[in-house]
Amino acid sequence: MLNITIDGHGGSGKSTLARVIAERLNIKVLNTGLIYRAIACSYCEKGLGNPTAEVVDKFMEQININLVFIDDVQKVLIDGKDYSHKLRDEEISILSSQLSKFPSLRARVLDIERDFAYKNDCILEGRSIGSVTLPNADVKLFVTASVEERAKRRMQQFKEKNIDISYEKVLQDLKERDYNDEHRPIAPLIISPDSIIVDSTNMTLEETIEYCINKIKVKINSK
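Let us look at the structure shown here.

Each value, and the rule that gives it
Residues numbered from 1 in each chain as written. Predicted model: local features only at pLDDT ≥ 70, side-chain atom pairs only at ≥ 80, totals over all residues. Heavy atoms only, no water. Helix = DSSP H or I, 4+ residues; strand = E, 2+ residues; numbered from the N terminus. Buried < 20%, exposed > 50% of the residue type's maximum accessible area, 1.4 Å probe, protein only. Contact = heavy atoms within 4.5 Å. Areas by Shrake-Rupley, 256 points an atom, 1.4 Å probe, with all protein chains shown as cover. Pairing = 2+ DSSP bridges. Axes fitted to C-alpha atoms, helices over the stretch in contact; angles between N-to-C directions. Salt bridge = Lys/Arg side-chain N within 4 Å of Asp/Glu carboxyl O. Phe/Tyr/Trp six-rings, centres within 6.5 Å; stacked < 30°, edge-to-face > 60°.

This part takes up the overall build of the protein chain. When helices and strands are tallied, the protein chain shows nine helices and eight strands. Burial analysis of the protein chain (223 residues in total) assigns 48% to the buried set. A fraction of 74% describes how many contacts in the protein chain between residues 6 or more apart in sequence connect residues 24 or more apart. Counting only carbon and sulfur atoms, one obtains 49% of the accessible surface of the protein chain, whose full area is about 11400 Å².

Below, the structure is given as structure tokens:
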């Protein structure tokens, strides 16, 4: 199977990049972050409060996680419930980052990710995919941009959804997520030595897509 990983910071455009590249290469894409977000939605809905190892372990023992694709659209069902309408909420984004540090949750998601990659030519997108989930992937991309640029892009998304939030709040949240992702004790966000670094700070989306596809083709053809 052809496996491509896309790691990177929050708000760096990984999801859009993975989706478009997968379409152009005619392979499948798995947004691993949506799995964590769906789990966070269920955790939030149950009102379990501040995450602790004991609470999260018990929660993970009780829930059912199903990964399905409907018309090529990824859905993550928790106990049969689809949380698609809430996955991009800022509170869910923050909670999913907090929950991702717990071993029982990460181990469960890791099994889902590896099973998908084993069965499909695909792109897996998220954090620590190239370093932990698929360390032997054919191509690894690490996508980033300055935190200020990522905050601007996130602000534009919020404006399009008529969500009222300040730039300062978005910037601070991204900085906190970066710190949490890079300093968690289990599977921190790192750049693998064999990753291709893609800094999109001064690139348009189309320029970033073309850059990545060219790098992927060169890497594959060199094998």
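Attention now moves to the sheet that holds strand β3 (residues 65-70). With antiparallel pairing, the three strands of this open sheet are ordered in space as β3-β4-β5. Looking at the sheet topology across the chains shown, the edges are occupied by β3 and β5 (81-82). Inspection of the sheet shows strand β4 (residues 73-78) paired to β5 by two bridges, in the antiparallel sense. When the sheet's bridge partners are listed, Ile78 is paired in β5 with Lys81. Helix α2 (residues 32-45) rests against β3, β4 and β5 of the sheet, and its axis sits at about 35 degrees to β4.

Within this structure, the stated rule accounts for 12 salt bridges. A salt bridge links Arg19 to Glu23, with the nearest nitrogen and oxygen atoms 3.8 Å apart. With Arg19 and Glu23 both in helix α1 (residues 14-25), this residue pair falls four residues apart, about one helical turn. The class for Arg19 is partly exposed, based on a relative accessible area of 42%. With a relative accessible area of 54%, Glu23 lands in the exposed category. When the shortest N-O distance is used, the salt bridge between Arg184 and Asp181 registers 3.2 Å. Judged by relative accessible area, which is 7%, Arg184 ranks as buried. It is possible to trace a salt-bridge network through shared partners that takes in Arg24, Glu206 and Glu210.

Here we come to the packing of aromatic side chains. Aromatic ring pairs are defined here through the distance separating the ring centres and the angle between the ring planes. Going through the model one piece at a time under the given rule, you end up with two aromatic pairs. A ring pair is formed by Tyr43 and Phe59, whose centres lie 5.3 Å apart and whose planes are at 90 degrees; its orientation type is edge-to-face. With Tyr43 in helix α2 and Phe59 in helix α3 (residues 53-62), this pair connects stretches of sequence that are 16 residues apart. For the pair Tyr43 and Phe59, one class covers both residues: buried. Seen in terms of ring centroids, Phe69 and Phe116 are 5.7 Å apart; in terms of plane orientation they differ by 25 degrees. Their pairing is stacked. Taken together, the residues Phe69 in strand β3 and Phe116 in helix α5 (residues 103-119) connect sequence positions 47 residues apart. Judged by its relative accessible area of 34%, Phe69 is partly exposed. You can call Phe116 buried: its relative accessible area is 7%.

So, on to the environment of Gly10. In this structure, Gly10 sits in the loop between β1 (3-8) and α1. C-alpha of Gly10 to C-alpha of Ala151: the two residues are 141 residues apart in sequence and 9.6 Å apart in space. When neighbours within four sequence positions are excluded, Gly10 is seen to be in contact with Arg127, Arg150, Arg154, Leu174, Arg177 and Asp178.

To continue, consider the sheet that holds strand β8 (residues 196-199). If you walk across this open sheet you meet the five strands as β2-β6-β1-β7-β8, and the pairing is parallel. On the outer flanks of this sheet lie β2 (28-31) and β8, each paired with one strand and no other. Between one strand and the next, the sheet's axes are offset by a mean angle of 20 degrees, whatever the strand orientation. Note that β1 and strand β6 (residues 122-126) share five bridges and pair parallel. Of the residues in β6, the one forming a bridge with Asn3 is Cys122. Sheet strands in contact with α1 are β1, β2, β6 and β7 (139-144), and its direction is about 175 degrees off that of β6.

By themselves, these observations are geometric and do not establish any function.
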